[in-house]
Structure formats: C-alpha cells, structure tokens
Number of protein chains: 4
Amino acid sequence: MSDFAQIPMQFVGPMKVSGPVLEGDYEVPLATFETPLWPSVNRGARVSMNCAGGIKCTLVDERMTRSVLFEAPDASAALMALQSIKAGMPKLKEVVEGTSRFAKLIDLHSQIAGNLLFIRFEFTTGDASGHNMCTQASEALMNHILEYHPELQYGSISGNYCSDKKATAVNGILGRGKYVVAEIVIPGKICRRYLKTTPEKVVQLNIRKNLIGTMLAGGLRSANAHYANMLLGFYLATGQDAANIVEGSQGITTAEVRGEDLYFAVTLPNLIIGTVGNGKGLDFVLENMQRMGLADQREPGENSRRLACLCAGTVLCGELSLLAAQTNPGELMDAHRRIERGR
Amino acid sequence: MSDFAQIPMQFVGPMKVSGPVLEGDYEVPLATFETPLWPSVNRGARVSMNCAGGIKCTLVDERMTRSVLFEAPDASAALMALQSIKAGMPKLKEVVEGTSRFAKLIDLHSQIAGNLLFIRFEFTTGDASGHNMCTQASEALMNHILEYHPELQYGSISGNYCSDKKATAVNGILGRGKYVVAEIVIPGKICRRYLKTTPEKVVQLNIRKNLIGTMLAGGLRSANAHYANMLLGFYLATGQDAANIVEGSQGITTAEVRGEDLYFAVTLPNLIIGTVGNGKGLDFVLENMQRMGLADQREPGENSRRLACLCAGTVLCGELSLLAAQTNPGELMDAHRRIERGR
Amino acid sequence: MSDFAQIPMQFVGPMKVSGPVLEGDYEVPLATFETPLWPSVNRGARVSMNCAGGIKCTLVDERMTRSVLFEAPDASAALMALQSIKAGMPKLKEVVEGTSRFAKLIDLHSQIAGNLLFIRFEFTTGDASGHNMCTQASEALMNHILEYHPELQYGSISGNYCSDKKATAVNGILGRGKYVVAEIVIPGKICRRYLKTTPEKVVQLNIRKNLIGTMLAGGLRSANAHYANMLLGFYLATGQDAANIVEGSQGITTAEVRGEDLYFAVTLPNLIIGTVGNGKGLDFVLENMQRMGLADQREPGENSRRLACLCAGTVLCGELSLLAAQTNPGELMDAHRRIERGR
Amino acid sequence: MSDFAQIPMQFVGPMKVSGPVLEGDYEVPLATFETPLWPSVNRGARVSMNCAGGIKCTLVDERMTRSVLFEAPDASAALMALQSIKAGMPKLKEVVEGTSRFAKLIDLHSQIAGNLLFIRFEFTTGDASGHNMCTQASEALMNHILEYHPELQYGSISGNYCSDKKATAVNGILGRGKYVVAEIVIPGKICRRYLKTTPEKVVQLNIRKNLIGTMLAGGLRSANAHYANMLLGFYLATGQDAANIVEGSQGITTAEVRGEDLYFAVTLPNLIIGTVGNGKGLDFVLENMQRMGLADQREPGENSRRLACLCAGTVLCGELSLLAAQTNPGELMDAHRRIERGR
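Treat the numbers as computed from the prediction; the structure is a model and nothing was measured.

Participant: Please provide a residue-by-residue account of the overall build of chain A, values included.
Facilitator: In terms of helices and strands, chain A carries 12 helices and 9 strands. For 343 residues, the compact-globule formula gives about 20 Å, and the C-alpha radius of gyration of chain A, at 22 Å, lands near that figure. Counting only C-alpha atoms, chain A reaches 70 × 45 × 40 Å along its principal axes. Counted over contacts in chain A with a minimum sequence separation of 6, partners at least 24 positions apart contribute 75%. Taken as two groups, the 34 positive and 34 negative side-chain charges of chain A have centres that lie 7 Å from each other.

And the structure:
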C-alpha cells in the first residue's frame, strides 16, 4: 500500500526580491496545516512590494557535510593519521570526484576526543541538497583512508559531528547548507500602514523576545520568532527533506532603526535545499518549481541558489509579519480567530 | 487558489507496543519524501514483534506552554509583581478555565532579566497539542495581570521562553508536550538475525556517535541519530504541526548490554502532538487515526496520549534500525542504492 | 609542604549600592593577576557614586542544588518511584534537617532518561554557599530513598544534573546559587564625563556584542562581556570556591536608552557565594569581610545575601566600564599600555 | 593600598607523564580553598606511577583568538569586504608581525549576521597565553582593514565571537588555547587497589553522569565531573588568568573497558595557558615553574606546551579520582569528613 498525505498548499506573494543571485517579483508556495501562515507571509510580501529594492538576498556560503568516525589506538595515533589525511587532500578530492559528477570536496574539519577521530567532510553538491551524495562520497573516503591507515578502525559513516537534523552549534559555525542573509529597509510609513506598528517597536521586540528571550531559554543560535514555520511550508511545497528545518531554524533576526526607517534582516546559515533529488520529481513540486522559474536549465548550483534566496525571502516575510503582530496586544489572537471563523 | 502538496505516505509495521497507556500490535503511517525511511522503520517494527512485551512506552509528563513578556520599571518591581501573580494562582486558573473547556493552568515558571519579566504558563490541553488554546489562555492571563498590575507594561504575548519551534534547553528541563520513554529489550540472537549486529556494537556506537559526537558538535539535549526523520513522517501523516519537530528532535537514546540482551531506549521529552485541532479534520488524517484506533471517543487526553506512545514507538524503530545499520561499514549506502534501484 | 599562592589584591570603590538587601557606599576587594581590572571596576564604581540611588540590587531567588542518580529496572519503575518520592516530600525534609542546622530542602526536579532517574534536590543553606551541606543532605536522602525503594540502585551521588562548575542551561532555568539583578540609571552627562561614551553607543554595543555575538558563538545564557573576571577577583578575595565562576559567568547584560539616560543592568542567576565555610577562616578573608561589614552576627543567610549583592554590584561596575571602553576604538589597548608602562 | 590574597597551595604527585611533548615524573602545584582536592589528585597521580607509560599527553592544536566586529551597509557589502580581507591574508600577517615578536596570524573565521561582520583572528603567541598580544594585533588589523575599507565602520575590538571566558561552542569547534588529550591505561588490579573500583564501574558512571547527565542538564561540550576544580588550582599556582577556566572546563572525559584494563582519557580543547606574561613574574610562580622544569630557556612555545600537558595530566588525575569515588556510595562524604576532621 502506498498513498499520499495531502498538505494544504497555497502560493503567497508576490514578494519583491533583489541581489546578485536573483531579481524580480516572485510568488512562493507554502504547504502547511497551519493556514494562518499564508496571510501572515502575504502581509510581509506586500510590504516588500512597497520598499525600494524589496528584499535583498545575499548568499554568503554553501556546502554540505558528513562526518565520519574512526577509532585509533590513542590520541597520538589519531593526530598523526589526521595530519597525513590532511596532507593527502588532493587525492581525497579525486576520490570524491570518482563518486559523482557534482560532488566536490572543499574542506574538512576534525575533532579528536580520547582515541576517537571525527572528520567532517565538506562538499559542494550542485543543485542537490546533497545528503546521499555526501554519504556516498564519505563512504568512498572512509574506504580510501582505512586502506592507507591500517591503524584506524571503522567507527561510523556518520559520527553526529555533521550534524544532520539535530540542534547543534557546529553547523552555524562551520557551515552546512546555504548561508543566506535576507534584508529589507522599510520606510516608517509603510511600517505603520501595512504592519500597524513602528520601527522602534519592532526593534525593541526583537531584542527582548528573539535575543534576550531565546538566551534565557538556553537557546542555541536561534534568535528568531518562527523561522521553522516558513521553512516547513516552503520545504514541503518544494520537495525538500523537511526534517532539515531542525538546523534550518537556527538563524538570527536583526533589526535596527535607521532614521525614519526599519532595517530588518533574517540570517539563515543552514538552509539545506535543492532543486534536484528525492521528492523533486513529484508533479506538484515540478509545477511549483516552474512557477518560480526554477525548472530552466542553468549552471549547476544556480537553480538551488535561487531557491535558497526565495526561501530566505519567505522567511523574512513571515518573521516580519509575526513580530509586527506581537508588538500589538491582542492582534495575534484576533487574526487567528478571524481566519478560523472564516473557514 | 488552494491546493495540496502530496507527500508519499505508507503504513509501516506492525510493531508491538505495551505499557500503561496502550497495548497491542499497531501499524503506523509515515509521510515523507525520503522513502527509504519506510523499510528502515519496518525493520525495527519487526524486531519489536519478536521481543517479549515489544516496545514498552511510559508517559512521564504532559503540558503545553506559552511564555508572556512584561516590562516592569525595574527588577524589584518585576519581582514583587511576580510574587503577587504567583500568590493569585487560583484566580489565574479560573481565568484560564473561562477561555476553553479543556485548557487548565497547572504551573508557571519565570525569568527576570533586568526589568523584564518572562512568565511561562504551563497548561494541560486535553487531546489538542494546544498551541492556540495556550495563546488564547495566555492572552486572557495577560489582560488579567495587566489590569491588576498597572506598573507592568505589555511586552509580548510570546517571549521565546515558551519555547516554540526553537532549539533551546528550557523545554527539556521544564517540559513541553508529551514526555515519553519507549524501551525494548532485544535478545542477542534477534539482534543478530534482524539487525545484523550485536548488542555490544549498538551500545558502543550509541556512546560514540549519539553521546560523544553530539557533545563535540555543541549539541543541545540531542543525543540521537535521526529522531527528526520519524517525527516528520509521523507528524505529517497525522495532521500535526510538523514544525514542532525542532524541539521534538531534542531527545536522548540510551542503550546498555544486559547479559546476552540489548536494552535500547528513546527518551522524547517534547512530543507536541494531538488528535484534535488544525489538520485533524482532513480525510487522510481521519482515516489514519481510525486505523490506529484513535478515532474512538475516550476521556479527554486519552487519545493523544496513545498517539504520543505510538509516535515514540515509531521513533524507537527507526532509531534502532539506523544505528544497527551504521555499526556495519557499507550497509547504509547499500540499502539506499537497493531501494533507489528498485524504483 | 604547604604554602600559599599570593594573588595581588586591592580594594576598589567605593560604589553606591541600594535595595532591600543593603544600602550604602562600599569598597570591595578584588584579587587577580590581571590588575588592569582594578581601575576598570573603579571607573564603574565612580559612576555609581554620581547616580541617584547608585546600583540597585535585587535578590530574586536563592537555592543550592545536588542531583543524585538512581538506576531503575525501566522507565515505568523510575516514574513510579519518582511519584512516590515526591509524595513523601515532608519526610524528605525531615531527613535533611537531621543532617544540618542550616540545610532545608525546598524543592526537587527530575529527569528520566530510559531507566535512569536523576533527582535534583534544591536546598537553602544559610550563610554557606552549601556544596558540602548539600552533598551530605543528598547522601542522607539517597540512603533514605534506597531503603524504601529496593527496586532502585545507587547510580551516583552526583549525576551532573546539579550542575556544578559546568556550562549548562539547567542552573539558569531552575536556579542555583543567588539570583541577583543589579541595575543603574546613568544620566547622559555622567556617561560622557566618566565613561567617555553615550547611552546610545553602550546600548548598541550590548546588542551587537553581548547578545548577537554570543548567539553566533553558540553561547549558552552568557550574554555579557566579562563577568568571569570580576567574579574571579571577588571570589578569590572573599574565600569562595572560585571554580563556580563557570556557572556564575552565565549571566545577561541588558541596556536601554531612557530619554537622556542609560539604563544598564546585569542579571546573575547563579552566584554561588557564602560568608561561612571553606576558605572563610583565612585571615585576609576575615579582614575583607569585616571591611565590607559582613562579619557581624545577623540572621542566617543575611550576610551571604549582602555579599551576593556586593558581588553583583562589582560585576556591574566592571561590565559597564569595559563596554564603555569598547565603544571607543583604541581605548582598550591604550588603557592596558598605560597601566603596563606605569608598573 | 595593595596586598595579596593567600590561597592555600601544595604540590601533589609525582605523576608519570609521557608523550612527544614531555616525559618524566612530575610534581605539580595546586592553589585552592578546597583542600580535599589535594589528596584526590594525589590518588590519581599515584595510579599513574603504577601504569606503564603513565599519562600520555598529546597536543592536538594551539592558537589564541580575538574576534573583531565591523558594521557594513548591508550583508552584501560585508561579504565583499570579507572576501577582500581574506584575499589580503599575506598583508594581514605582516601587520601582525609588526605588533609583536611572537604573535603570528595563522587563520581567520567569520560570521555575517545582517549587516554585521564578525572576524575571528587566530594567532600563535609563543609562550604567552596571549590575551594582550592578540588584542594588540587585532587592533592593528582593524586599523589596517578600516583604512582600506571605508565602507566598514568600527563595531568593537571584541565581538564575543572570540570567545573569552564565556560558555560557548565556538572555542571547542574552531580552537582556542592548547588542545590537549591526556590518556591512561590502568590495569584492573591497579584500579581496584588504588581506586577501590573496577574498570566497568568507572566506564558506566562516565556514560551516565558525564555524558547523559550533562546532556540532560543542557550542557555545552562539558562532559566531565569537575575539570574546573583542577584547572582553577593549577592556574592560580602558575600565574594564569584563571577566569579562563570558563572555557577550559568545557572538555570531555571518555572511558572504555579494554580487556582487564580501564582506558581513561580527558580531552581539553581550550587550555589557555602560558609561561610568560601577567602573573608569571611573581616569586611563587617562578618557583613553581622552576620546580616543574619550566624556567629553562627553550624554543618559544615549548615551555607553555609542557605546562599545558602537565595541566592536562593533573586534570586527568583529579577526574579519575572523583569518578572512582562516586562509583562507591558514601565514599565521597567519608573522604570529606575525614579531611575536615583532620584539620
């Protein structure tokens, strides 16, 4: 027996996006059981249409990772093996290129704890988010390393230093997925008209809730209101492995008053996202990609970078809208009640 | 325009479940783009069918939370207000009961940072996961408190000390959602036959990967291999707000060799899950609930507790299966390749 | 052979302190190898002398903790034992009172992971910081519990859920040590005259460095510039177990512009500090306590609360001074160079 | 007025140390108010004298860091500046060499959050722990960068991404201070004779307390029992900036049963330690250094690496001894009581 879960889906927007990666007005799809998300993101999108330049998206970095685990006789043997592995980087790159047309090894990082050696391989993976490509490449790398280092034993093909779908700090610090910043400068009067709030109120709430509140909660690199909601909706609608919202949600909202305007930014260092791979062949996903102009042939990686920017823009719209709502006592529940009643 | 994202869905199992909350053999639905998850969970389920008692599920706690934020003139005023609010707990409970038939205020915790006062209200919410119920109750509580404490100002209806869909420590420590432990004792020969591994290997991998590896990654209460995958699949198939896998994935796998057997447990302190509310009225969700026997009328909260136990059992099956696979070099990729080729 | 390490020590201040716990102008001792700390804290103290009310200190909470660890047959047995232990709270309190004149059991919290049961006992301990008192009381509690619960096994007298001298979230959330907030309102012109900066600059730096910078670093409840420096100096000069600066340093600085003034606060939820116990009998400690007026007989706990407030005030002075310096390019190094040259 | 705090100090040991950095039997000084630490570390040292090879110390890495903060107009400008700064690495190295004979720039890492650019400079600093050297070098680097990048503004000479004396993840992941692993293999009968315990018990306790217990506490890279105690004692006795125990205590204990033996290791990735600089000129520090053979002229960095290894060995002794004690109900308090009574 095989079937489908039907998740309510809608396009929201258009939102205005600019930057070196892509430029234009875009509608984006969101699939979610929590349908009040649609009008909320829509409100942010409307704001973007009324701001010069709209949402500016900057891609800071991209890489996908897998950490393998070796057992050495002791720390000293682990260290010597590590040094020799690093020295053989060119050969490792070749090994990886033998496993896929798209995977390229770009860096590695390591940890030694007692006699355990964790190596975190970092790859670019073309338009794929790259989970399987990295596992396959890492398997080849492990085999290669084990062959030349008989003093090492297989520990695990994944040592949790990757770190996949877990709340950790390593991804934000060393990078995993696309690192995107989306920013907007909103004139005070647009803020008041569309968001029913002021730049000052948004800035103050961001400090108190997203920065101080998260810090008090023992939060880990998660200074935001609800990135996870937009990420889930966007991921499901575009065929992504949505369990990666765990690390994807670890991002930081910043806001400042600039004269009469509100500067507002979302920083998403761990957007694991692609336009090819599992889930991308489903009809509704293909249609959604087409509607966003991402089904065209482009240089490898180009489509997924555009998708990442659209995702970050969507996160900005939803984050802005919720924060604006929470500056006003009662607005949040009123909106929910209105929407529920309307059903 | 409105539509549906179609996520591939399958029932896996049956798995054998026991414990005070529910007992029996259950099939459970998983919706995911990552379809190798199905045979993986299935393998764990098959193990459970061959162990006396199967998977034992224990519900340790349940509560849903929302933290509000007040601004006081200074810390001393915040403290005095807090003490008076705590003293008025019986009245607060009444206020909450006026907002819903099901919401009950059971506790509150707080933080004072400078002149800011964060209060985390904790509720039971019947069979609903309770996001909206708690927001509505918290709004009423805020209004009530602001009326009696003119020295306090509205800060935010959510102060991120809740903490919803963010990687934080507070939920694990103070509780949010259902707190479920699922355990199994697997005879060594079942381990070898179905999982192609030994108790010793699973225990060692759990220590090195889930405990040490996560610790090195700067992980926060997330000593597991991939809870997020099973949670996502189960949540989507049962109409849950799947963005709650962010905190849901913060759980801990423990394993010990007991004589010839493997003791294996997953501890999930933050399962946000319900059988009523948004998403639960969709046809496929209703059918899935029925097939799991959760559409029957029971005492409020009873169905959602059963659902939580089935969810934890499912997480155990998938976690066990992946760890077993990772004890064997090459098995993980072989399985993926076999499944992809089979398509 | 026994001897003494000689740590350079100086009194700084006076600083002006107010609040329900103590009121007046106080000099405080700091012992440190990093002697530029003295003029830095002194500068903050001078500011306090020029602000109405000086530094307002509020004691939010106090408790000392020890977590014990039991092994149960399974999670269900652990839960039942826990429920029975909680139900026997009055008897547990008696057990504790039998171990010390000062220790009182005020609360307990727990965690169940698989078949492991962690119980975190929380005590008040009079004027002692209370490490040994809590260990002794916990030992008696364990013996008592093991006697009535033959299904439980001794796991450890300390299960790291306490959490002593480790970077964790539990202490900030559940409390450990004195929870003190120290606040000051500084007129803009005092800010400019003594700190060579403006309220706006301090507020901006606090947001960017202490909140955003720490968040990016994967920081855990540690939004400050250098609490650890002042804590170390104060702890060594007053005979404290200075290894508790590990959790003591996990505090949060908040700042806001209020009209022309700077509101500045340090929140220290985990000040482990006492006026009796190990180290307090040394001559220089006694002298220092006397000079701060803390050698007088008072109600149990009263002297240690005063000491905690003075400590928090000292932290505020040093934190304010360093942040002010860092708003100005070059000032930090200039100060260091001037001081080093002066030696 | 200037004076000295007198901290009780004693040499403990000898312990046997081996490895590429240093080899021999060493006594080490510990200054602490908590004098039961001495016999505890002594017991571990005695064990090392009875194990072939004693404690094996491996230096994995060394670097000291300072992160500066720039403000850019937007994320895109921050990224372009960053790329240009990285491209100018050779020039940056020259700038650093102009500030000190010993400081060398070896790497840099960065974070962009909105329009903020954090750059973490990483240096070697000879035999100094290097706080001031790095601040001075970073100041020169900032001036240099600001000169060539008029689009950037000074943010802060320290942006908390360093991260100095705060509980963060960045130091463990990117490195700060000496990264040392100390290991020992203890025959079962030595374990029983000197530690009154078995390899199995120590391994089990380490898993349950240091790994699982810390994880439950929301701990950050801090899987140990009490590194902070040994670090404090060692740092005070050798003139270190002891506030660095905050990050120094973030290390991981690992243990495994190997046949009849216990493999036991402490991994300390953030030992900030030196043999020159503030505090090192005091008489008692000089004497202590001499007694450990670290006052001799050696290649720059060589003495501080030896000191780091001795420090790690000391941590191992104390960690081993306390864990052994905690495997036995009652032993911990008995030891304390015996010592207190003996005073």
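Participant: Tell me what's going on with the relation of the copies chain D and chain B, and back it up with residues and numbers.
Facilitator: Rotating chain D by 180 degrees and translating it 0.0 Å along the rotation axis places it on chain B, where the RMSD comes to 0.0 Å. The transformation just described matches what one would write down for a two-fold rotation axis. Looking at the rotation axis and the C-alpha trace of chain D, the residue lying nearest is Leu 211 of chain D, at 3.1 Å.

Participant: Talk me through the interface of chain B and chain A; I want residue IDs and the actual numbers.
Facilitator: The partner chain A presents 85 residues to the 85 residues of chain B that form the contact. At the boundary of chain B with chain A, total buried surface from both sides reaches about 7,100 Å², with 60% on carbon and sulfur atoms. Taken together, the links from chain B to chain A amount to 2 salt bridges. Taken together, chain B and chain A are joined by 35 residue pairs in polar contact (both at pLDDT 80 or more). Per-element accounting of the side of chain B that touches chain A gives the leading share, 9 residues, to strand S1 (residues 3-18) of chain B. Summarising the sheet, strand S1 (residues 3-18) of chain A and S1 of chain B pair through 7 bridges and their orientation is antiparallel.

Participant: Now, about the packing of aromatic side chains: what can you tell me, with residues and values included?
Facilitator: For any pair of aromatic rings, the description rests on two quantities: the centre-to-centre distance and the angle between the ring planes. All chains considered together, the criterion is met by 8 aromatic pairs over all chains. A cation sits over an aromatic face here: Arg 258 of chain A above Tyr 263 of chain A, 4.0 Å from the ring centre.

Participant: Can you break down the interface of chain D and chain B residue by residue, with the values?
Facilitator: The interface of chain D with chain B comprises 21 residues on the first partner and 21 residues on the second. Summed over both sides, the interface between chain D and chain B buries roughly 1,600 Å², with carbon and sulfur atoms accounting for 71% of that surface. Taken as a group, Leu 211, Met 215 and Leu 216 of chain D account for 37% of the area that chain D buries against chain B, more than any other trio of residues on that side. Between chain D and chain B we count 2 salt bridges in total. Among the ionic pairs, Arg 208 of chain D bridges to Glu 256 of chain B, the shortest N-O distance being 2.7 Å. The interface formed by chain D and chain B contains 4 residue pairs in polar contact (both at pLDDT 80 or more). Looking at the side of chain D that touches chain B, the elements that each hand over two or more residues are helix H7 (199-216) and strand S8 (252-258) of chain D. Here the residues of the side of chain D that touches chain B sort into 11 nonpolar, 7 polar and 3 charged.

Participant: Hey, could you go over the pattern of salt bridges for me, with residue numbers and the actual values?
Facilitator: Counted according to the given criterion, the structure contains 72 salt bridges over all chains. Lys 16 of chain B is the salt-bridge partner of Asp 25 of chain B, the closest N and O atoms lying 3.5 Å from each other. In this structure, Lys 178 of chain B and Glu 62 of chain B form a salt bridge, with 3.1 Å as the shortest nitrogen-oxygen distance. You can see Lys 178 of chain B sitting in strand S7 (residues 177-186) and its partner Glu 62 of chain B sitting in strand S3 (residues 55-71), a full 116 residues away along the chain. A single burial state applies to Lys 178 of chain B and to Glu 62 of chain B, both of which are buried. One salt-bridge network, in which partners are shared between bridges, spans Glu 62, Lys 178, Glu 302, Arg 305 and Arg 306 of chain A.

Participant: Can you break down the layout of surface pockets residue by residue, with the values?
Facilitator: Taken as a whole, the largest pocket holds about 1,000 Å³ of empty space. Lining of the largest pocket is provided by 42 residues; of these, Asp 107 and His 109 of chain B together with Asp 107, His 109 and Leu 174 of chain C occupy positions nearest its centre. Listing elements by their share of the lining of the largest pocket, those giving two or more residues are S3, helix H2 (75-87), strand S4 (104-113) and helix H5 (170-174) of chain B together with strand S3 (55-71), helix H2 (75-87), strand S4 (104-113) and helix H5 (170-174) of chain C. The residue inventory of the lining of the largest pocket, partitioned by class, reads 20 nonpolar, 12 polar and 10 charged.

Participant: Please set out the relation of the copies chain B and chain A residue by residue, giving values where relevant.
Facilitator: Superposing chain B onto chain A takes a rotation of 180 degrees plus a shift of 0.0 Å along the axis, which leaves an RMSD of 0.0 Å. Taken as a fraction of all interface residues of chain B, those also at the interface in chain A reach 100%, which identifies the copy contact as same-surface.

Participant: Give a detailed account of the domain arrangement of chain A, specifying residues and quantitative values.
Facilitator: All names here are of chain A. For chain A, the assigned domains are domain 1 (9-61 + 177-340) and domain 2 (63-156). Distance between the C-alpha centres of domain 1 and domain 2: 34 Å. Of the roughly 900 Å² buried at the junction of domain 1 and domain 2 (both faces included), carbon and sulfur atoms supply 43%. Scanning the region where domain 1 abuts domain 2 turns up 1 salt bridge. Across the salt bridge formed by Arg 63 and Asp 61, the nearest N and O atoms sit 2.8 Å from each other.

Participant: Could you give me a rundown of H7 of chain D, with the residues and numbers involved?
Facilitator: Residues and elements named next belong to chain D. The end-to-end C-alpha separation of H7 is 24 Å, in line with the 26 Å expected for 18 residues at 1.5 Å each. When the local axis directions of H7 are compared, the greatest deviation, roughly 25 degrees, occurs at Asn 206. For H7, the buried fraction is high: 15 of the 18 residues fall into the buried class. Where H7 ends, the next residue or the one after it, Gly 218, has phi of about 70 degrees, a positive value.

Participant: Can you explain the side chain of Ser 156 of chain C? Please cite residues and give values.
Facilitator: Note that Ser 156 of chain C resides in strand S6 (residues 153-156). Here Ser 158 of chain C takes part through its backbone oxygen, which lies 2.7 Å from a polar atom of the side chain of Ser 156 of chain C. Within the structure, the side chain of Ser 156 of chain C is placed 3.3 Å from the side chain of Gln 326 of chain D, a separation counted as a polar contact. When neighbours within four sequence positions are excluded, Ser 156 of chain C is seen to be in contact with Val 68, Leu 69 and Met 142 of chain C together with Leu 205, Lys 209 and Gln 326 of chain D.

Participant: Please set out the environment of Glu 260 of chain B residue by residue, giving values where relevant.
Facilitator: Residues and elements named next belong to chain B. Summarising the element assignment, Glu 260 is placed in the loop between strand S8 (252-258) and strand S9 (261-271). Given the relative accessible area of 64%, Glu 260 is considered exposed. Taking the C-alpha atoms as reference points, Glu 260 and Val 203, separated by 57 residues in sequence, lie 13 Å from one another. When neighbours within four sequence positions are excluded, Glu 260 is seen to be in contact with Pro 187, Gly 188 and Pro 199.

Participant: Give me the lowdown on the pairing of strand S5 (residues 116-124) of chain B, citing residues and values where you can.
Facilitator: For a regular strand, side chains alternate in direction, first toward one face of the sheet and then toward the other. Residues and elements named next belong to chain B. Across the 9 residues that make up S5, a large majority, 8, are buried. Alignment of S3 against S5, held across 8 bridges, turns out to be antiparallel. Looking across to S5, one finds that Leu 69 is bridged to Phe 118. As defined by bridge partners, S4 adjoins S5 across 9 bridges and the pair is classed as antiparallel. In the sheet register, Leu 105 faces S5, and the bridge partner there is Phe 123. Between S4 and S5, which follow one another and run antiparallel, lie 2 residues, and Gly 114 among them has a positive phi close to 55 degrees.

Participant: Can you explain the packing of helix H8 (residues 227-237) of chain B against helix H11 (residues 302-326) of chain B? Please cite residues and give values.
Facilitator: Residue and element names in this part refer to chain B. The geometry of H8 relative to H11 is characterised by a closest axis approach of 9 Å and an angle of 140 degrees between their N-to-C directions. As far as their axial angle goes, H11 and H8 are oblique. For the pair H8 and H11, the sense of crossing is right-handed. Contact residues: H8 offers Tyr 227, Met 230, Leu 231, Phe 234 and Tyr 235, while H11 offers Leu 307, Leu 310, Cys 311, Thr 314, Val 315, Gly 318 and Glu 319. Residue classes in the contact of H8 with H11 are distributed as 9 nonpolar, 2 polar and 1 charged.

Participant: Outline the pairing of strand S3 (residues 55-71) of chain A, supporting the account with residue identities and numerical values.
Facilitator: All names here are of chain A. Where burial is concerned, most of S3 is hidden: 14 out of the 17 residues are buried. Two elements, S1 and S3, share 2 bridges in a ladder whose sense is parallel. Following the sheet pairing, Val 17 is matched in S3 by Ile 55. In this sheet, strand S7 (residues 177-187) lies alongside S3 in antiparallel orientation, the contact comprising 7 bridges. Looking at the pairing, Leu 59 lines up with Val 180 of S7.

Participant: I'd like a rundown of the confidence of the model for chain A, residues and numbers included.
Facilitator: Close reading of the predicted structure is inappropriate where its pLDDT is low. In the predicted model, chain A carries a mean pLDDT of 96, and the fraction of residues at 70 or more is 96%. Model confidence for the complex: the whole-complex pTM is 0.97, and ipTM, which rates the interface, is 0.96.

Participant: Give a description of the packing of H2 of chain B against helix H3 (residues 89-97) of chain B that names residues and reports values.
Facilitator: Residues and elements named next belong to chain B. Relative orientation of the contacting elements H2 and H3 amounts to 70 degrees, with a least axis distance of 5 Å. Taken together, the axes of H2 and H3 lie roughly perpendicular to each other. Contacts from Ile 85, Lys 86 and Ala 87 in H2 reach Met 89, Pro 90 and Leu 92 in H3. In terms of residue class, the contact of H2 with H3 is built from 5 nonpolar, no polar and 1 charged.

Basis of the calculations
- Residues numbered from 1 in each chain as written.
- Chains lettered and ligands numbered in written order.
- Predicted model: local features only at pLDDT ≥ 70, side-chain atom pairs only at ≥ 80, totals over all residues.
- Heavy atoms only, no water.
- Helix = DSSP H or I, 4+ residues; strand = E, 2+ residues; numbered from the N terminus.
- Rg over C-alpha atoms; globule rule 2.2 N^0.38 Å.
- Contact = heavy atoms within 4.5 Å.
- Lys, Arg positive; Asp, Glu negative; His and termini not counted.
- Charge placed at Lys NZ, Arg CZ, Asp CG, Glu CD.
- Least-squares fit on C-alpha atoms with pLDDT ≥ 70 in both.
- Buried area = accessible area lost by both parts, 1.4 Å probe.
- Salt bridge = Lys/Arg side-chain N within 4 Å of Asp/Glu carboxyl O.
- Polar contact = N/O pair within 3.5 Å; in protein donor to acceptor, adjacent residues only side chain to side chain.
- Pairing = 2+ DSSP bridges.
- Phe/Tyr/Trp six-rings, centres within 6.5 Å; stacked < 30°, edge-to-face > 60°.
- Lys NZ or Arg CZ within 6 Å of the ring centre and 35° of its normal.
- Nonpolar A, V, L, I, M, F, W, Y, C, P; charged D, E, K, R; others polar.
- Buried < 20%, exposed > 50% of the residue type's maximum accessible area, 1.4 Å probe, protein only.
- 1 Å grid on protein atoms, 1.4 Å probe; cavity = no way out; pocket = protein on both sides within 12 Å on 5 of 7 lines; lining within 4 Å.
- Points joined across faces, edges and corners; volume = space filled by probe spheres on them.
- Domains from an automatic or database assignment.
- Expected span 1.5 Å × (residues − 1).
- Bend = angle between axes of the 7 residues up to and from the residue.
- Axes fitted to C-alpha atoms, helices over the stretch in contact; angles between N-to-C directions.
- Parallel < 35°, antiparallel > 145°, perpendicular 65-115°, else oblique.
- Left-handed = near helix turned anticlockwise from the far one by under 90°.
- pLDDT = per-residue confidence, 0-100.

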